Amino acid sequence: MNLHVSGDVGTRTLAIIDAMKDLEGPLLPILHEVQAEFGYVPQESLPVIAKELNLSRAEVHGVVTFYHDFRDHPAGRHVLKLCRAEACQSMGADAIADRVKALLGIDFHQTTLDGAVTLEPVYCLGLCSCAPSAMLDGAVHARLDAASAAELVQEARR
């Protein structure tokens, strides 16, 4: 197998694999750590992971593309996730999403031109009784309305 990987990505990916390859079922933890390291899962890291775990490139690619949390490009400085699950939709999440998209000038899976905010859908934050909800940089926000959604966007733009 001919691996043409940029030195920095390859070296850093190998260090992550070496630290985690002895875990049971190491692929997901390794992918999460690679994303934490780079902000996304670089394509260049996939063949390295496949080789080191004795998997095919297709298997690794399939896992990365199956799970919505893995990104194939860098995210903005802040990641805003809006819940799209049924409970949130029944409590007005569609209107909140439309408002947030308009305020940011982007759609889901996009990043603002200034690189400040990436907007992503998420299919349940576990806050169904406090719907609609969102997550900004890992912090959850519940019972959103138009005003609190605008405040969240302002916070993300800082």
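Anything mentioned here points back to the structure above.
Quantities reported herein were computed from a predicted structural model and do not represent experimental measurements. (Residues numbered from 1 in each chain as written. Predicted model: local features only at pLDDT ≥ 70, side-chain atom pairs only at ≥ 80, totals over all residues. Heavy atoms only, no water.)

(A) Representation of the overall build of the chain in the model. The helix and strand inventory of the chain stands at 7 helices and 5 strands. Reading the chain from its N end, one meets helices and strands in the order α-α-α-α-β-α-α-β-β-β-β-α. Taken over the C-alpha atoms alone, the chain extends approximately 55 × 30 × 25 Å along its principal axes. Partitioning the intrachain contacts of the chain with sequence separation of at least 6 by distance along the chain shows that 59% fall at a separation of at least 24. Summed over all atoms, the accessible surface of the chain reaches about 8700 Å², with 52% contributed by carbon and sulfur. (Helix = DSSP H or I, 4+ residues; strand = E, 2+ residues; numbered from the N terminus. Contact = heavy atoms within 4.5 Å. Areas by Shrake-Rupley, 256 points an atom, 1.4 Å probe, with all protein chains shown as cover.)

(B) Focus on the packing of helix α2 (residues 27-38) against helix α4 (residues 57-66). Where α2 meets α4, the closest approach of the two axes is 11 Å, and the angle between their N-to-C directions is 65°. Seen along the crossing, α2 lies across α4 with a hand that is right-handed. Residue-level inspection shows L27, L28 and L31 of α2 in contact with α4, the latter providing V60, V63 and V64. A per-class count over the contact of α2 with α4 returns 6 nonpolar, no polar and no charged. (Axes fitted to C-alpha atoms, helices over the stretch in contact; angles between N-to-C directions. Left-handed = near helix turned anticlockwise from the far one by under 90°. Nonpolar A, V, L, I, M, F, W, Y, C, P; charged D, E, K, R; others polar.)

(C) Here's a closer look at the side chain of T118. Mapped onto the elements of the fold, T118 is located in strand β3 (residues 117-122). Residue T118 is classed as buried on the basis of its relative accessible area of 2%. Not counting the four nearest positions on each side in its chain, T118 is found in contact with A75, G76, H78, V79, L80, Q110 and T111. (Buried < 20%, exposed > 50% of the residue type's maximum accessible area, 1.4 Å probe, protein only.)

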